[in-house]
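One-letter residues, chain by chain:
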Amino acid sequence: AAAIAWQESGFNNAMVSGANARGVMQIMPGTWDYVQQNLTERPLDPNSASDNVHAGVLYLKRLLTETGGDENTAIAGYYQGLQSVRDRGLYDDTHQY
């Protein structure tokens with residue numbers, strides 16, 4: 001998770017990507033909603049760095065579960081989207097990620 005946070009934002013919670021991913025873990029709005037509705041038992045503050053990391057870790061854990069513990073596929077899914085990885089394989093930039 002720390003490596004993902006560094007790669008995604010350099011640990012910068014103020015980072016917003018061109019695709020509107022936000023925070024330390026660069027979580028997309030739809031992913032944030034999914035985590036909030038399905039993976040956490042408490043409300044998360046989208047402006048909080050610790051809640052952003054918490055949400056990212058919960059989502060990464062979910063990806064690990066969905067991939068049967070395959071870390072490489074889970075990490076690729078975090079970056080590219082798991083369904084895209086399954087349907088299209090890894091993009092060149094995902095390999096670098």
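Not measured: the values here are computed from a predicted model.

Comments concerning helix H1 (residues 2–9)
For an α-helix, 3.6 residues make a turn, and residues three or four places apart therefore share a direction. Taken together, the buried positions of H1 are occupied by Ile 4, Ala 5 and Ser 9. Buried residues in H1, looked at end-on, bunch into an arc of 100 degrees, giving them a common side. For H1, the exposed residues set more than 90 degrees away from the buried face come down to Ala 2, Ala 3 and Trp 6. Those residues of H1 that are buried lie in contact with helix H3 (49–66) and helix H4 (71–80). Positive backbone phi, approximately 65 degrees, marks Gly 10, located one or two places after H1.

So, unusual backbone geometry
Phi is positive for Phe 11, which is not a glycine, with a value near 65 degrees. Mapped onto the elements of the fold, Phe 11 is located in the loop between H1 and helix H2 (29–38). Assessed through its relative accessible area of 47%, Phe 11 is described here as partly exposed. A positive phi angle, close to 75 degrees, is found at Asn 20, a residue other than glycine. Within the fold, Asn 20 resides in the loop between H1 and H2. Residue Asn 20 is classed as partly exposed on the basis of its relative accessible area of 29%.

Remarks on the packing of aromatic side chains
All chains considered together, the criterion is met by four aromatic pairs. Relative to Phe 11, the ring of Trp 6 has its centre 5.3 Å away and its plane inclined at 50 degrees; by these criteria the two rings are tilted. An angle of 50 degrees between the planes, with centres 5.9 Å apart, marks the rings of Tyr 59 and Tyr 78 as tilted. With Tyr 59 in helix H3 and Tyr 78 in helix H4, this residue pair connects regions lying 19 residues apart in the sequence. Accessibility classification places Tyr 59 together with Tyr 78 in one group, the buried group.

How each quantity is defined
- Residues numbered from 1 in each chain as written.
- Predicted model: local features only at pLDDT ≥ 70, side-chain atom pairs only at ≥ 80, totals over all residues.
- Heavy atoms only, no water.
- Buried < 20%, exposed > 50% of the residue type's maximum accessible area, 1.4 Å probe, protein only.
- Helix = DSSP H or I, 4+ residues; strand = E, 2+ residues; numbered from the N terminus.
- Arc of directions from axis to C-beta.
- Contact = heavy atoms within 4.5 Å.
- Phe/Tyr/Trp six-rings, centres within 6.5 Å; stacked < 30°, edge-to-face > 60°.

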